[in-house]
Amino acid sequence: MYKVVGMGLTRAFRVLWALEELGLEYEHDPAPPGSDTARALNPSGKVPILLDGETKITDSTAILTYLADKHGGLTHPAGTRERARQDALMHAFLDEIEGLLWVNSRHAFILPEDRRVPAIRPSLEWEYDRNIDCLAGRFVGPYLSGDQMTIADIVATHCLNWAHAAKFPTTNPVFKAYSKEMRNRPAFMQAQAKLA
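Residues numbered from 1 in each chain as written. Predicted model: local features only at pLDDT ≥ 70, side-chain atom pairs only at ≥ 80, totals over all residues. Heavy atoms only, no water.

Asker: Before we go on, may I ask you to explain the environment of Ser179 in this structure?
Answerer: Residue position: Ser179 is located in helix α7 (residues 173-183). Residue Ser179 is classed as buried on the basis of its relative accessible area of 7%. In the structure, Ser179 is positioned 66 residues away from Glu113 in sequence and 33 Å away in space, judged by C-alpha atoms. Within the structure, Ser179 has its side chain in polar contact with the backbone oxygen of Phe175 (distance 2.9 Å). (Helix = DSSP H or I, 4+ residues; strand = E, 2+ residues; numbered from the N terminus. Buried < 20%, exposed > 50% of the residue type's maximum accessible area, 1.4 Å probe, protein only. Polar contact = N/O pair within 3.5 Å; in protein donor to acceptor, adjacent residues only side chain to side chain.)

Put into structure tokens, the structure is as follows:
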């Protein structure tokens with residue numbers, strides 16, 4: 001059985017959701033980032049961490065890729081054009097959306113107060129709005145890259161939910177409708193219910 005270490009309000013939710021989509025059993029330890037538990041498994045203290053027997057895997061996208069490839073779900077086969085498109089869209093969300101949200105979080109509450117630059121937020125919002133519109137032009141539907149849900153959809157939806165929680169502009173109609181549909185998936189709701 002897999003064990004996921006990391007509180008659900010972090011990127012660990014991506015892993016929990018993927019495990020639910022794949023119908024796999026797992027144990028969840030909601031250790032926060034920087035906790036003794038997290039540091040014992042990952043020197044940086046970052047979560048999530050997936051334990052598969054004696055194997056420790058860090059970074060949510062590495063974990064998602066590992067699970068999808070290992071279990072043959074939520075992904076296109078390696079070496080195919082479809083996989084290249086899937087990976088390109090996932091990395092675009094990581095680079096162009098998550099990166100902005102992470103900088104915002106660091107300057108809002110993570111960095112020491114004397115290192116925070118609150119005035120950066122309007123610039124991040126502007127760039128987010130521009131990037132999300134650009135990514136909407138690459139949306140195929142009903143999922144990010146076509147007819148099959150993949151781990152790219154998990155990353156994209158997590159980023160869109162993060163943006164909403166951070167009160168970033170979420171006016172793009174393509175992604176508003178898409179994220180609503182994704183949040184209505186039974187596996188998403190099952191993962192969320194286990195956090196309560």
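Asker: Whenever I open this one, the packing of aromatic side chains confuses me. Can you help?
Answerer: Given two aromatic rings, their pairing is described by the distance between the two centres and the angle made by the two planes. This model, assessed by the stated rule, comprises 8 aromatic pairs. Between the aromatic rings of Phe175 and Tyr178, the centroid separation amounts to 5.8 Å while the plane-to-plane angle is 75°, which identifies the pairing as edge-to-face. In this pair, Phe175 and Tyr178 are both assigned in helix α7, 3 residues apart and thus about one turn of the helix distant. The pair Phe175 / Tyr178 is uniform in exposure class, with both members buried. Three or more aromatic residues joined by ring pairs make a cluster, and in this case those are Phe93, Phe139, Phe175 and Tyr178. It is Arg11 that lies over the ring of Trp102; its NZ or CZ is 5.0 Å from the centre. (Phe/Tyr/Trp six-rings, centres within 6.5 Å; stacked < 30°, edge-to-face > 60°. Lys NZ or Arg CZ within 6 Å of the ring centre and 35° of its normal.)

Asker: Before we go on, may I ask you to explain the pattern of salt bridges in this structure?
Answerer: When the charged atoms of two side chains with opposite charge come close together, those side chains can pair. A full pass over the atoms with the stated rule returns 10 salt bridges. Two residues, Glu20 and Lys194, come together in a salt bridge whose shortest N-O distance is 2.7 Å. One end of the pair, Glu20, is in helix α1 (residues 12-22); the other, Lys194, is in the segment after α8 (186-193), with 174 residues separating them in the sequence. With a closest N to O distance of 3.0 Å, Asp69 and Arg83 form a salt bridge. With Asp69 in helix α3 (residues 60-71) and Arg83 in helix α4 (residues 81-110), the pair connects residues that are 14 residues apart, well separated along the chain. For Asp69, a relative accessible area of 41% puts it in the partly exposed group. (Salt bridge = Lys/Arg side-chain N within 4 Å of Asp/Glu carboxyl O.)

Asker: Would you mind going over the side chain of Arg83 with me for this structure?
Answerer: Residue class for Arg83 comes out buried when judged on its relative accessible area of 8%. In this structure the side chain of Arg83 is engaged in a polar contact, spanning 3.0 Å, whose partner is the side chain of Asp69. For Arg83, the contacting residues outside a window of four places in its chain are Thr65, Asp69, Thr75, His76, Pro77 and Ala78. (Contact = heavy atoms within 4.5 Å.)

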